[in-house]
Amino acid sequence: EPEVTQTPSHQVTQMGQEVILRCVPISNHLYFYWYRQILGQKVEFLVSFYNNEISEKSEIFDDQFSVERPDGSNFTLKIRSTKLEDSAMYFCASYDRATNEKLFFGSGTQLSVL
Amino acid sequence: EDQVTQSPEALRLQEGESSSLNCSYTVSGLRGLFWYRQDPGKGPEFLFTLYSAGEEKEKERLKATLTKKESFLHITAPKPEDSATYLCAVQAGYGQNFVFGPGTRLSVLP
């Protein structure tokens, strides 16, 4: 089965530093997402991306966050100046709306902000 | 605002003891209801999509059903390997977002 690939699997950073989380969505998918999950809490939507632009974003996705699809395969989430409360598991997902069947998730990047 | 709740929060079953998990939703214009399984430290793994009230889907020991207000995930004769958190999510209206519930943490004891 096709996979969404995320790197790195773990990222430790100091508060105030910039981090970039990377994802390779499934190749024929057109909708891309970032979700996060704070330990013990629910999966929260951050942003969706379609046709090279943000299609929807949540209140969590403030000016410190940005997304980019720099080439035909990668999809990145940048946090400009990390805060302690950004510590969470970040999941990338992709979706083929034509089949409307399922959102495929990557295995996540565990971000720890110290 | 679209809302998804799940109950119970946690469930302990003996191996072979069947039960059901509930997902209740309040949305405008449901396009799909999704069940996922999540193991600790992993991404959610797709189980089922349901589109309309009355629809049912089955996979091994799991069966998902949908009404206008809620969905049930029935687990028949569970095994320890079914232990995981089960997540429900909805997609509604014209949005691209999938809204997730808090999950039910299932433990199946041998």
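Analysis parameters
- Residues numbered from 1 in each chain as written.
- Chains lettered and ligands numbered in written order.
- Predicted model: local features only at pLDDT ≥ 70, side-chain atom pairs only at ≥ 80, totals over all residues.
- Heavy atoms only, no water.
- Helix = DSSP H or I, 4+ residues; strand = E, 2+ residues; numbered from the N terminus.
- Rg over C-alpha atoms; globule rule 2.2 N^0.38 Å.
- Buried < 20%, exposed > 50% of the residue type's maximum accessible area, 1.4 Å probe, protein only.
- Areas by Shrake-Rupley, 256 points an atom, 1.4 Å probe, with all protein chains shown as cover.
- Lys, Arg positive; Asp, Glu negative; His and termini not counted.
- Charge placed at Lys NZ, Arg CZ, Asp CG, Glu CD.
- Contact = heavy atoms within 4.5 Å.
- Buried area = accessible area lost by both parts, 1.4 Å probe.
- Salt bridge = Lys/Arg side-chain N within 4 Å of Asp/Glu carboxyl O.
- Polar contact = N/O pair within 3.5 Å; in protein donor to acceptor, adjacent residues only side chain to side chain.
- Pairing = 2+ DSSP bridges.
- Axes fitted to C-alpha atoms, helices over the stretch in contact; angles between N-to-C directions.
- Core = buried A, V, L, I, M, F, W, Y, C linked by side-chain atoms within 4.5 Å.

1. Thoughts on the overall build of chain B
Stage number 1. Within chain B one finds 0 helices and 11 strands.
Stage number 2. Listing each helix as α and each strand as β along chain B from the N terminus yields β-β-β-β-β-β-β-β-β-β-β.
Stage number 3. Here chain B has a C-alpha radius of gyration of 13 Å; the compact-globule value for 110 residues is 13 Å, and the two agree.
Stage number 4. Along the first, second and third principal axes, the C-alpha set of chain B runs to 45 × 30 × 20 Å.
Stage number 5. Relative to its full complement of 110 residues, chain B shows a buried share of 46%.
Stage number 6. Carbon together with sulfur atoms contributes 48% to the accessible area of chain B, which is approximately 5300 Å² in total.
Stage number 7. Distance between charge centroids for chain B: 2 Å, based on 12 positive and 14 negative side chains.

2. With respect to the interface of chain A and chain B
Stage number 1. Facing the 22 residues of chain A at the interface are 20 residues of chain B.
Stage number 2. Both faces combined, the contact of chain A with chain B buries some 1800 Å², and carbon together with sulfur accounts for 51% of it.
Stage number 3. Seen at the junction of chain A and chain B, the total is 0 salt bridges.
Stage number 4. Applying the counting criterion to the chain A and chain B interface returns 6 residue pairs in polar contact (both at pLDDT 80 or more).

3. Considerations on the sheet that holds strand β3 (residues 19-24) of chain A
Residue and element names in this part refer to chain A.
Stage number 1. What the 4 strands build is an open sheet, ordered β1-β3-β8-β7; its pairing is antiparallel. Bordering the open sheet on either side are β1 (5-7) and β7 (65-68), each of which pairs with just one other strand. Strand-to-strand twist of the sheet, defined as the mean angle between neighbouring strand axes without regard to direction, takes the value 20 degrees.
Stage number 2. Of the strand pairs in this sheet, β1 and β3 are connected by 3 bridges, and their pairing is antiparallel. Within the sheet, the bridge partner assigned to T7 lies in β3 and is R22.

4. A closer look at the environment of S107(B)
All names here are of chain B.
Stage number 1. Locating S107 in the fold gives a position in strand β11 (residues 104-109).
Stage number 2. Taking the relative accessible area as the measure of exposure, S107 reaches 27% and is therefore partly exposed.
Stage number 3. When the C-alpha atoms of S107 and D82 are compared, they prove to be 7.6 Å apart, with 25 residues separating the residues in sequence.
Stage number 4. Once residues within four sequence positions are removed from consideration, S107 is found in contact with L11, R12, L13 and S83.

5. Overview of the side chain of T82(A)
Residue and element names in this part refer to chain A.
Stage number 1. Looking at the secondary structure, you find T82 in the loop between β8 (75-79) and β9 (88-95).
Stage number 2. Its relative accessible area of 2% is what places T82 among the buried residues.
Stage number 3. At a separation of 2.9 Å, a polar atom in the side chain of T82 contacts the main-chain carbonyl oxygen of Q17.
Stage number 4. Once residues within four sequence positions are removed from consideration, T82 is found in contact with T13, Q14, M15, G16, Q17, V19 and V113.

6. Here's the deal with the nonpolar core
Stage number 1. Ranked by internal contacts, the top residues of the largest apolar core, which has 23 residues, are L33(B), W35(B), L73(B) and Y86(B).
Stage number 2. Within the residue set of this core, elements represented by two or more residues are β2 (10-14), β3 (19-26), β4 (30-38), β5 (45-50), β7 (62-66), β8 (70-75), β9 (84-92) and β11 of chain B.
Stage number 3. Take this core: its biggest share by element is 4 residues, from β9(B).
Stage number 4. Core analysis: the second largest hydrophobic core is formed by 22 residues, V4(A), V19(A), L21(A) and I79(A) among them.

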